[in-house]
Structures are given as structure tokens and as C-alpha cells.
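Next come the chains, spelled out residue by residue.
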Amino acid sequence: MSTIFLGSPQFSYTPSLSSPKNPFKLPISIMATCIHSSRTKSPPKNKPQINNNVYNYVKYCQPNFPNLITSNPFSQKSLKVEEEEGEENLWVKMKDEAKSDIDQEPILSSYYVSSILAHESMERALANHLAMKLSSSNLTNTTLYDLFIGVLTDDQDLIKSVKADLLAVKERDPACISYVRCFLNFKGFLACQAHRIANKLWLNGRKILALLIQNRVSEVFAVDIHPGAKIGKGILLDHATGVVVGETAVIGNDVSILHNVTLGGTGKMCGDRHPKIGDGVLIGAGTCVLGNVRIGDGAKIGAGSVVLKEVPARTTAVGNPARLLGGKENPKRLDKIPSLTMDHTSHISEWSDYVI
Amino acid sequence: MSTIFLGSPQFSYTPSLSSPKNPFKLPISIMATCIHSSRTKSPPKNKPQINNNVYNYVKYCQPNFPNLITSNPFSQKSLKVEEEEGEENLWVKMKDEAKSDIDQEPILSSYYVSSILAHESMERALANHLAMKLSSSNLTNTTLYDLFIGVLTDDQDLIKSVKADLLAVKERDPACISYVRCFLNFKGFLACQAHRIANKLWLNGRKILALLIQNRVSEVFAVDIHPGAKIGKGILLDHATGVVVGETAVIGNDVSILHNVTLGGTGKMCGDRHPKIGDGVLIGAGTCVLGNVRIGDGAKIGAGSVVLKEVPARTTAVGNPARLLGGKENPKRLDKIPSLTMDHTSHISEWSDYVI
Amino acid sequence: MSTIFLGSPQFSYTPSLSSPKNPFKLPISIMATCIHSSRTKSPPKNKPQINNNVYNYVKYCQPNFPNLITSNPFSQKSLKVEEEEGEENLWVKMKDEAKSDIDQEPILSSYYVSSILAHESMERALANHLAMKLSSSNLTNTTLYDLFIGVLTDDQDLIKSVKADLLAVKERDPACISYVRCFLNFKGFLACQAHRIANKLWLNGRKILALLIQNRVSEVFAVDIHPGAKIGKGILLDHATGVVVGETAVIGNDVSILHNVTLGGTGKMCGDRHPKIGDGVLIGAGTCVLGNVRIGDGAKIGAGSVVLKEVPARTTAVGNPARLLGGKENPKRLDKIPSLTMDHTSHISEWSDYVI
């Protein structure tokens, strides 16, 4: 077993772990093995001691990707309690970070108080922060706050996704030095949360409001996600400028998407016309994926690629038009989860026509 | 005749229709044929009953593209009356849509009233809406409103272009559910209209103001169009983030341009140094067209392409560097107008080196 | 000598001028020769008569690129006095331009007075202008002004870099008609100056503030430069939307970077993981350079390229993946400085597989 868990995110090939029926049902003893056998990357010392079992499980030991995109793959009851504790702690941790930041930069006191410390929950702080960012002369922040807090209170799953995204950004982006910084300032994170709210409104038939939020997000953050798009948990939109996601796109869990990525449609007919992105996928900067094509779980798409056809699970597609590393017939399989390693370039040596 | 008008936008090869002297002079009887023989796509039921003859004519029957880019190709007197009626109706329709939206979302009442219903004409609503969006602490919205309404009142052709763009967006973008939504929220549409005003100021010698508007549009909408650029009617800038259009670029009529498209220059000498885009062209997301090169009428440029040389009319160029489908000597000719079909991907099967 | 100075920016191969020990030590007599022997491009008549010797020297006669990136390559004492005079004159010139603009457009009086004429120095005007642009409801412009003016006053080198950037934009961008227009409106210029301030704060241990500025700049200008990145003088960020520069990136002097360019990392480990861009480099629109790779002095990267490996000095890399013009073994060498010529397309005829 120990050779499997090498301390960086990777696929497990142990058949018993990848049962198609319930790929995530692991005995606790195996989970413990996963956590303690991680060698090369131990959890940072200054990381909050929250949610560690679940967290490391996802990071190091995720046994396989489900073949279907689900909105809630980590749903075992045995994990649920720890998850909730972790989520509770996350808000406490963020308030501590805010206080520490104020100590370092007193000129930011009023900013941190009004944005974080004045609020009794992450839901309220998020509703307030997004309302401040997205309000305009025609659309007051109180109107938006009431709208946002209503949605966030109504659906407890939504704030779980918010927290999973916070954990994902902090874990995967070396430039992210604290949760509170991501929460306050990362426009990819904020655009994703505004989308989650817009998506709920869309599903509840409040399309006009949902589309209005989409457009404000596009103006304020330069991120254009149609409210109809389905997006999983644990999402990193890194840098985020120029991201476009179409109405019938689906994005799985634990996906990392860089800036200027398009998940676009083709033609002007309505209906299912946008890409389906599996779990654990990494999509490099400036890439276009067009049409109702599937990017399999754990696939990696290199920067600047143009993808117009299906990409199988755990393979790497690069170039314009995109081709599979190793060739169409026998593509090379990734043994790590690319969205978690954020490794954009290790395929170079195998990209045969790269001749510089 | 009926085999020519297949109900989706296409080129006509009937020689009598494509006389180089007056390509748009069609007898009314033929126009009627065009409209009624459209088979596969009938006009949506809930579409305003305005301007239909002209509209369908453009959509289904445009017999050919003029060889020269003109700012007003549909200039027959017989069409003019209907056009004006359609335009009048468009504003009435938009106010109806606004009222319907208020019924659905009363919290948006003041937004819709101040943006749409309080104004007696589309010109005034547009001047107000752009002024609100583009104003800053140093540049009040009243200053901008006075400036914009002056330009819009002075040149009646300008508002015709605005209306042609509204029709274009609604027709080509499946995500556009009403005219009023496009008018209020689509940053590509708003950036294009701000450019139309800036271009008038530029041509009238008010360069400082024109450039100031360009820069505010770049900040607010992330769309950077030099006020010197000439842009025709019926333009769709879809998503629009990152679009850059240089000073001496020319864009024809009925063109669809996706986000992150650059029509850029090369070198630092002044003079004519930017691309010339023909009528009916479709340019996919993330494409760069650089230098004073011509993209022929009805050409299609695939997403993520880099185009540095001329692209003949009705051909498809893809890749980096861009190549013609079918080869340079005998490129495959498109039989439909790509800017209207918005078909970005049907060339896949013919792109010989696409091997996934 | 005269054959060397052909009036457009170029490399000199004269050994005596390119001594590795002090490549910039030129006798004044040679500088004068440089200026007067420029043939094909004479300085525009309406250009301010400031700083001409230094300016033309840099433009026409830069003998070679230093092998190492330095923050201050033009450091000879003989040039310093003239430089300072030029810088002093630049602010005077900008105030004259502002007055002239007010004469032409009286409705902009209050804008120009509050932004330019009310300030006693460029430092104060810049601190004010950036504070107005980057302030938000939570972060007042007075807080930001105090912060910015403190940094600008504390480090006199910083304002020298600001001025070098102003000269660079005016010289290289044909669309830039005056210094004051660049100063007030070019978001690439403003984002770069905000970065210079954020970088000082970062180096002084004020990381929270530095990161906050980075994120505001990303929201307001759609330019995302990590405050840790090192950027030289004489930088042009043209159009600028979508530019992303990572924490450990280094950009040399006299570099021109178009919009949607990424200097990105790979992997999620900390440490030196971003590109190193030499002096005089030109990077075309939409290009991704990923990983800790070096782009040599005077290299040119074509638009839409994906660069994952080192590019030698004075060579041209194009395509996805990028390849060297002339081949890896014997790449063609540029004889002009690409960041100054801004020539994006003259490599076409030599790009062998470009077959349109």
C-alpha cells in the first residue's frame, strides 16, 4: 500500500478502492493509512487543525474518480460529522486571521471589521461582501444582501461548497496565504460563489435576477458564467480574468481552471451544447473547450489548447487542435490528480514535436 | 429556387442575385419567396412582429456579400420604411419586456424604471445607461449623458446601428432571452455602442473625449476598441472580455466576434496597420488577427487561431498559424453565413490532423 | 559607424560598444553620432524637446543587452544629469498637455485640474490618481493616497521607473498621443505603477497591503501581477487586459508585453517557479510562458504562443508549442530590438509551415 500513497495527490489502482458502485466507501483504517503514509508533503504547520481526515483523504488518497459527475461525491455519513466540524472551525479561523491582519495593518481595521468581524457567520459575511462588490447606482447593496442571504440561508449545501472552495484555493494556490485573503480578494473565488447563488435563483425560476448577477460579475470580475451552468465543489478559478462558462456546461468536483479558459458552445440552437468537465480536471490558461464534449475525470488540458473532441479520463491533451499525449490509440495515463498537483508542464519531455 | 433557401443562413449562388453592380437589389417577389420558404427554423412565436421581412431577408436570403465593406449595405428604399417601423416597434417591445420583468421581480422596479421606463426614446435610455456605467468620481454621469445624447440625436444612423446590433444579439445568442436584457446587461453590446459614440466624436475632431471613452470602456467592460476603428451594423461581441480592436481596423456588417479576439497592429509606425474584416465573418474565442490583412466576406476563423495573412471569402481558417480548410490551393467554401450560424466546430471532421 | 545606426532600434555588433564589463559606457561624441545619423525615423516634430540625448540613445543606439537583468542599466553619471532634467521636464510637459486638453475640451476641466493641475509633482498626481481608481466603499481614497505617496516619496527610484514607462509607452505605442493621456487613462501603465508600489510594500514586509493592491488592480484593470514580481524600467503593457504575472517572475528593462500574456507558474510548490524575461523582449498577445524558464535578451515571442522552455537571446519563438525560427540548432538572430520595433509579424515569410 505504501507505494501507492506517495505524498502527492495520485490515483490509486487498488481494485478494492475503486469499486464502481461506491468508489468513496473506504474503511476508516485505510483512510488513516493514507494520511500517515504521506511522505513528501506533510500538512503545513500553520494550517488550521480542522477537517484533517477528510481533507487529507481527498488530497492524498482519493481512490478513483466516479465515472459520473455528481454534485456530492463525499457523502458518507462517517465523514459528515468531521466535515461539519471543519466548516465551523473555518469561520473561526478566518476571524482569527482577520484579527491578525488588523494587528499588522491597523489602517485596514475598518475594512476587516465591516467585511469579516462584524458578521456572525460566513453566510452573512459572504452575502455582505458580494453585495458590496456587485452593487451599482441602480442596484443597492441592501437589495443584493437581502437576496444573497436569503439564498445562502435557504440552502445549507451552498455554504458547504463555499467552504470546499476556500480549502481548495488555499491548498492548491501557493500565492494564497490565508483563507481570509481568498475570501476577501480572490476574484475567481468570489465569482464562483456569486455563480452558486445565481444558479440557485436560476433553478428557482428567478431567471431575470440570475442573469443580472451573471452580468454584474462579468463587469466586476471579468468572469462570465451562465447561471444555468452546474459547478461542483472544491473549485479553483485561478486569476480568473476572461473565464467564460456556457449555460449547459457541467464542472465536476475538485477542478482547477486557469484564467481565460472558455467552456463554450457552438451553433445558435438551444439545448445541451457546452462541455462536461469531470472531477479532478486541470485546464490550463487560455484554453478553449467547445461543444458538448466530455473531459474525463482526472484529465489535464495544457495551456493554450483548443479542444473540440472528447478527452478520456486521466489523459493529457495539448495543442491546437488538442492531441493526446502518447497518441490516440494508447494515450499515456496520469497517475496523479492534475487539478491538485497544478502541474502544467511536466508533459514537455513527452511532447514529441516540441523541439526548442 | 426553394432549394437555395433552406431555412438557415446561407449563401446564394444564383448569379442574378449576386450582380456585382447592385448585389442587394432584389425584386420584392423574390424576397417574399425567401421569407416563406424557410423550413427548418421558423421565427420564434414570442418574437416581436417587427421588421420581419427585412429581418428574414437578411437572415435567410442575403444573396451574396458585397465585395467592399460598406456601412450601409441594405439601403434599398423599398426596405427602408419597414426598417423604420421595426425600429420604432423595438423600443415599444423593450418597454413591454421591462414591465414584464418588473412583474416577475418587483425588487428590480426602480432599476428598470430609471434605466428604461423613465425615458421617452431608446436614444435617451442608452445615453443614460452608458453614462451611468462609464461615469467615475472625476467624470459625472450628467456630463457624459449630455455628451452621449448630443451625439445620438445628431446622427440618426447611429441609433439604427444600435437597433441592428440588438436584433443581431437576440437572433444569434441562444443565451439572450430578451432585447431589454441585452440592452441593460450585455457588456459586449454596451461596449460596441459606446464605441459608436466615441467614433463619431473621433471623426468630429474630439479626439480627447473619444479616447477617454475608449479607456473607460476598457476599464468597465474589459473591451478595448480604438475610437478610430470602423464598425458596421448587426454586430455581436459575445461575452466580450478581452476584445481588442486597433485604430485602423474595419469590421463589416453582420459580424460575430467572440471574447478575447484581437484585431491588432504590428510595428509602431502610424498608418493603416490593422485587419479588415468582411461582412458575415465569425471569429472564434481567443483568436489574434494581426496586421493589415483582409478577412473575406463570410469567412470563419476558428477559436484560438493566429491569423497573419489574408483569408479568402467563405473559407475557414484554423490553427496557429492559421491554415485554410481544404488547403491553400483549393479551400473548401462555406455555404452558410458563419456569423449567423455561430457554428464554431463543424469543421472538425475535415481538419485532417485533428487526431484525438 | 553610420551603417550601424539605421534609424530604427537595432543591435550593434561593434565590439567596442558591447564590452561585457560596461556595455553602456559610450563617449558623448558617439551618442551625438547616434542621434544625428538616424535616418528612417526622425523624432516627431511635436515631441517635447526633453531628454533627447538619453532618449534617442536608448532608442537608436543601445549597443547591446546586458547579460544579466539589472534594474538600472543606464547608470552612467554622464547621463544622469540629463535624465533628471528630462524627468523634471516631463512633468512640466504633462501639465502643458493638460492645459491644452482643457482648451480643446472645457467639459474636462475639473477632471484635468483634480487629476493633474492641482498637484505639485508627478508623485502626488500619481498617488491621487491611483487612489481614486483603486478605492472602494471599504477602502477610502485618502487611506490609499497616504499609503501611495509615502512609498513614492520614500523611494526616488520608483518615480524614475514611472517616467521611463511613460517615455516607453509614448515612444512605442502609435495610439498614444500624449504623456498625460497615458498617465490618466492607459490601464496597462496604471497597473504597472500600482505594481511598483505594491512591490515596495511587499519588500518592506507589508504583504497584506501589497496583496490587497494586487487584487484591486485585478478587479479594476483586469491585470493580475503578484507584488513579489520584479519588473524593470521602460515597460509597455499594451491594452493589458488579462495579463497575469506570477510571484517569482522577473521582467527586465525595455520590455513590451501585449494583453492576455501569462507569465505563469507550474505546480503548487513554493519557490522560484515563474519565467525570467530579459531586456528588450517583445511578447505578443495571448501568449503563455510557463515555469521557471528564461527568455533571453532581445527575444521575440509571437502572438498566441505557448512557451515552456528557454528561448535564447535575440531569437524568435512562435507557435503552440513554441519553436524557434530557423530551427533549434541554428536559430535566426534578430538584428533589431523587438520590444522597440513592436514588429509582431515580419517572421511570417520564414515560418515555414505557414501555408495560407
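Rules and cut-offs
Residues numbered from 1 in each chain as written. Chains lettered and ligands numbered in written order. Predicted model: local features only at pLDDT ≥ 70, side-chain atom pairs only at ≥ 80, totals over all residues. Heavy atoms only, no water. Helix = DSSP H or I, 4+ residues; strand = E, 2+ residues; numbered from the N terminus. Buried < 20%, exposed > 50% of the residue type's maximum accessible area, 1.4 Å probe, protein only. Contact = heavy atoms within 4.5 Å. Areas by Shrake-Rupley, 256 points an atom, 1.4 Å probe, with all protein chains shown as cover. Buried area = accessible area lost by both parts, 1.4 Å probe. Salt bridge = Lys/Arg side-chain N within 4 Å of Asp/Glu carboxyl O. Polar contact = N/O pair within 3.5 Å; in protein donor to acceptor, adjacent residues only side chain to side chain. Nonpolar A, V, L, I, M, F, W, Y, C, P; charged D, E, K, R; others polar. Pairing = 2+ DSSP bridges. Least-squares fit on C-alpha atoms with pLDDT ≥ 70 in both. 1 Å grid on protein atoms, 1.4 Å probe; cavity = no way out; pocket = protein on both sides within 12 Å on 5 of 7 lines; lining within 4 Å. Points joined across faces, edges and corners; volume = space filled by probe spheres on them. Phe/Tyr/Trp six-rings, centres within 6.5 Å; stacked < 30°, edge-to-face > 60°. Lys NZ or Arg CZ within 6 Å of the ring centre and 35° of its normal. Domains from an automatic or database assignment. pLDDT = per-residue confidence, 0-100. Expected span 1.5 Å × (residues − 1).

## Remarks on the overall build of chain A
Along chain A, the regular secondary structure elements total eleven helices and 15 strands. In chain A, which comprises 356 residues, the share counted as buried stands at 67%. Here the analysis covers contacts within chain A between residues at least 6 apart in sequence; of these, 53% occur between residues at least 24 apart. Of the accessible surface of chain A, which amounts to about 12,400 Å², a share of 52% is contributed by carbon and sulfur atoms.

## Brief notes about the interface of chain A and chain B
Counting residues at the interface gives 44 residues for chain A and 48 residues for chain B. A buried area of about 4,000 Å², summed over both sides, lies between chain A and chain B, and 60% of it is on carbon and sulfur atoms. Remark: the boundary between chain A and chain B carries two salt bridges. Seen at the junction of chain A and chain B, the total is twelve residue pairs in polar contact (both at pLDDT 80 or more). Along the lines of polarity and charge, the residues of the side of chain A that touches chain B split into 20 nonpolar, 14 polar and ten charged.

## A closer look at the pattern of salt bridges
All told, the structure shown has 30 salt bridges over all chains when counted by the stated rule. Here Asp254(A) ties to Arg172(A) by a salt bridge, and the two come within 3.8 Å at their closest N and O atoms. With Asp254(A) in the loop between β5 (250-251) and β6 (256-257) and Arg172(A) in helix α7 (residues 156-172), the pair connects residues that are 82 residues apart, well separated along the chain. Among the salt bridges present, the one from Asp272(C) reaches Lys276(C), with a minimum N-O distance of 2.7 Å. Given a relative accessible area of 47%, Asp272(C) falls into the partly exposed group. Taking relative accessible area as the criterion, Lys276(C) reaches 14% and is therefore assigned buried. In the salt-bridge network here, residues are joined through shared partners; they are Lys133(A), Arg216(C) and Glu219(C).

## Some remarks on the sheet that holds strand β11 (residues 294-295) of chain A
Residue and element names in this part refer to chain A. Ordered in space as β2-β5-β8-β11, the four strands form an open sheet in which the pairing is parallel. The open sheet has two edge strands, β2 (230-231) and β11, and neither has a second partner. One ladder, built from two bridges, connects β2 with β5; its direction is parallel. Each residue of the ladder has a partner; that of Lys 230, found in β5, is Val 250.

## Points about the interface of chain C and chain A
Opposite the 44 residues of chain C that make contact, chain A presents 48 residues. Summing both sides of the interface, chain C and chain A together bury roughly 4,000 Å²; the carbon and sulfur share of this comes to 60%. Taken together, the links from chain C to chain A amount to two salt bridges. Among the ionic pairs, Arg206(C) bridges to Glu105(A), the shortest N-O distance being 2.7 Å. Mapped onto the side of chain C that touches chain A, the elements with two or more residues apiece are α6 (141-154), α10 (207-221), β10 (288-290), β13 (306-307) and β15 (323-324) of chain C. With nine residues, the top contributor of residues to the side of chain C that touches chain A is α10(C). The class makeup of the residues in the side of chain C that touches chain A is 20 nonpolar, 14 polar and ten charged.

## Considerations on the relation of the copies chain C and chain A
The second copy of the chain is related to the first by a rotation about an axis and a shift along the axis. For the pair chain C and chain A, the relating rotation is 120 degrees, the translation along its axis is 0.0 Å, and the fit reaches an RMSD of 0.0 Å. Here the transformation between the copies is reduced to the relation of a three-fold axis. Little of the interface of chain C is mirrored in chain A, where only 5% of its interface residues again form contacts.

## A short note on the relation of the copies chain A and chain B
Placing chain A over chain B gives an RMSD of 0.0 Å and needs a rotation angle of 120 degrees, together with 0.0 Å of translation along the axis. A low fraction, 5%, of the interface residues of chain A reappear at the interface in chain B, so the copies pair through non-equivalent surfaces.

## Quick word on the layout of surface pockets
Taken as a whole, the largest pocket spans an internal volume of roughly 1,300 Å³. Elements supplying a minimum of two residues to the lining of the largest pocket: α5 (122-134) and α10 (207-221) of chain A, α5 (122-134) and α10 (207-221) of chain B together with α5 (122-134) and α10 of chain C. Broken down by element, the lining of the largest pocket gets its largest block of residues, five residues, from α10(C). Of the residues that constitute the lining of the largest pocket, the class distribution is 15 nonpolar, 21 polar and nine charged.

## Considerations on the packing of aromatic side chains
Within this structure, the stated rule accounts for six aromatic pairs over all chains. For the ring pair Tyr111(A) and Tyr112(A), a centre distance of 5.7 Å and an interplane angle of 75 degrees mean the geometry is edge-to-face. The residues Tyr111(A) and Tyr112(A) share a single accessibility class, namely buried. In this structure, Lys207(B) is placed above the aromatic ring of Trp202(B), and the distance from its NZ or CZ to the ring centre is 4.3 Å. Taking NZ or CZ as reference, Lys170(C) lies 5.2 Å from the ring centre of Tyr179(C), over its face.

## Points about the domain arrangement of chain A
All names here are of chain A. Taken domain by domain, chain A consists of domain 1 (83-222) and domain 2 (229-356). Relative placement of domain 1 and domain 2: their C-alpha centres are 27 Å apart. Summing both sides of the interface, domain 1 and domain 2 together bury roughly 1,400 Å²; the carbon and sulfur share of this comes to 54%. When the buried surface of domain 1 facing domain 2 is broken down by residue, Arg 172, His 195 and Ala 222 rank first, second and third, together holding 38% of it. At the surface where domain 1 touches domain 2, the tally comes to eleven residue pairs in polar contact (both at pLDDT 80 or more). Elements with a minimum of two residues in the side of domain 1 that touches domain 2: α7 and α9 (187-203). Looking at the side of domain 1 that touches domain 2 residue by residue, the class counts come to six nonpolar, four polar and six charged.

## Side note on the confidence of the model for chain A
All names here are of chain A. Per-residue confidence for chain A gives a mean pLDDT of 79; residues scoring 70 or more make up 72%. Overall, residues 1-82 carries pLDDT values under 50, and its contacts beyond four positions in sequence, including any with other chains, amount to 138 contacts. Here residues 351-356 scores under 50 on pLDDT; set against residues more than four positions off or in separate chains, the count is 25 contacts.

## Observations concerning helix α7 (residues 156-172) of chain B
Residue and element names in this part refer to chain B. With 17 residues, α7 extends 25 Å from end C-alpha to end C-alpha; this agrees with the ideal 24 Å at 1.5 Å per step. Counting buried positions along α7 yields 14 of 17 residues, so the element is predominantly enclosed. Residue Asp 155 occupies the N-cap position of α7, its side-chain oxygen lying 2.9 Å from the main-chain nitrogen of Asp 157.

## A look at the environment of Arg124(B)
All names here are of chain B. Mapped onto the elements of the fold, Arg 124 is located in helix α5. In sequence terms Arg 124 and Leu 152 are 28 residues apart; their C-alpha atoms lie 8.4 Å from each other. If we skip the residues at most four places from it in the chain, Arg 124 touches His 119, Tyr 145 and Ile 149. A distance of 3.2 Å separates a polar atom in the side chain of Arg 124 from a polar atom in the side chain of Tyr 145.

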